[in-house]
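So the chains spell out like this:
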Amino acid sequence: MAMQKRFGVKHDDVFPKMAFLKGGVDAVADFNAPARPDGSRPQQLDKDTGLPLWQVLVLDADDEAGKKDTAVTIKIAAKHQPVPPENKTPFPWTPVEFVGLTALPYVEYTGSKDKDGHDRTRIVWSFRAEGMVAPGQSAGQSAGGSAASKGAA
């Protein structure tokens, strides 16, 4: 059996104290592609599916999350721009759960050292999801679910 680069994870394992969408859904710019005549970049495509990549910034509500882990970017491969669930709270951040969440760990070499001369190398996580829904909903119950995100009927 070959170990997969990305592996499936449960939303609650990554965000045990809830996750909140900060802002909207943005296209991921492809900085490896040549710039357009106006200087903008085309949208990056997912290497596995060929679908356009979108990203959302998520706030992790877990008090134990480290300073660098409180704001997390989640990428979503979808034919059309995913629609977040409706925010029914009085707060500016939308509670959200991710459907089809996967994780890819990698080592980040910062090139810096701590006060004792040790490298500040750390494990970083890259997350992808198939879609997003309001907490407690299944993918088929929301416009932000995985079927809608992929443009399926």
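Parameters and conventions
Residues numbered from 1 in each chain as written. Predicted model: local features only at pLDDT ≥ 70, side-chain atom pairs only at ≥ 80, totals over all residues. Heavy atoms only, no water. Pairing = 2+ DSSP bridges. Helix = DSSP H or I, 4+ residues; strand = E, 2+ residues; numbered from the N terminus. pLDDT = per-residue confidence, 0-100. Contact = heavy atoms within 4.5 Å. 1 Å grid on protein atoms, 1.4 Å probe; cavity = no way out; pocket = protein on both sides within 12 Å on 5 of 7 lines; lining within 4 Å. Points joined across faces, edges and corners; volume = space filled by probe spheres on them. Nonpolar A, V, L, I, M, F, W, Y, C, P; charged D, E, K, R; others polar. Buried < 20%, exposed > 50% of the residue type's maximum accessible area, 1.4 Å probe, protein only. Salt bridge = Lys/Arg side-chain N within 4 Å of Asp/Glu carboxyl O. Phe/Tyr/Trp six-rings, centres within 6.5 Å; stacked < 30°, edge-to-face > 60°.

(A) Broad picture of the sheet that holds strand β3 (residues 53-60). Pairing in this open sheet of eight strands is mixed, and the strands run β1-β6-β7-β4-β3-β2-β5-β8 from one edge to the other. Looking along the sheet, the strands with just one partner apiece sit at the ends: β1 (7-8) and β8 (131-133). Across seven bridges, strand β6 (residues 102-108) lies against strand β7 (residues 122-129) in antiparallel orientation. Each bridged residue has a counterpart across the sheet, and for Tyr-106 the counterpart in β7 is Val-124.

(B) Main features of the confidence of the model for the protein chain. Of the residues in the protein chain, 87% reach a pLDDT of 70 or more, and the chain-wide mean stands at 84. Of all secondary-structure elements in the protein chain, the lowest mean pLDDT belongs to helix α2 (residues 146-149), at 40, while strand β5 (residues 94-99) reaches the highest, 96. This model gives residues 142-153 a pLDDT under 50, and the stretch forms 32 contacts once residues within four places in sequence are excluded.

(C) Structural view of the layout of surface pockets. There is about 510 Å³ of room inside the largest pocket. Looking at the lining of the largest pocket, the elements that each hand over two or more residues are α1 (11-14), β4 (71-77), β6 and β7. When residues in the lining of the largest pocket are grouped by element, the largest group, six residues, is from β7. A per-class count over the lining of the largest pocket returns 14 nonpolar, two polar and seven charged.

(D) Examining the pairing of β5 more closely. Among the six residues in β5, five count as buried, and that is most of the element. In the sheet, strand β2 (residues 19-27) pairs with β5 via three bridges, with the strands oriented antiparallel. Across the sheet, residue Phe-20 finds its bridge partner in β5, namely Pro-95. By the bridge criterion, three bridges tie β5 to β8 in an arrangement that is antiparallel. The partner of Phe-98 across the bridge, within β8, is Met-132.

(E) Examining unusual backbone geometry more closely. In the Ramachandran plot, Met-18 falls in the positive-phi region, its phi being about 90° despite a non-glycine side chain. By secondary structure assignment, the location of Met-18 is in the loop between α1 and β2.

(F) Representation of the pattern of salt bridges. Per the counting criterion, the structure on display carries one salt bridge. Two residues, Asp-46 and Arg-128, come together in a salt bridge whose shortest N-O distance is 2.4 Å. With Asp-46 in the loop between β2 and β3 and Arg-128 in strand β7, this residue pair connects regions lying 82 residues apart in the sequence.

(G) Quick look at the packing of aromatic side chains. Under the counting rule described, the total for this entry stands at two aromatic pairs. Between Phe-7 and Trp-125 the ring centres are 6.1 Å apart and the planes differ by 85°, which places this aromatic pair in the edge-to-face class. Of this pair, Phe-7 sits in strand β1 while Trp-125 sits in strand β7; the two residues are 118 residues apart in sequence, bridging distant segments of the chain. Taking the relative accessible area as the measure of exposure, Trp-125 reaches 42% and is therefore partly exposed.

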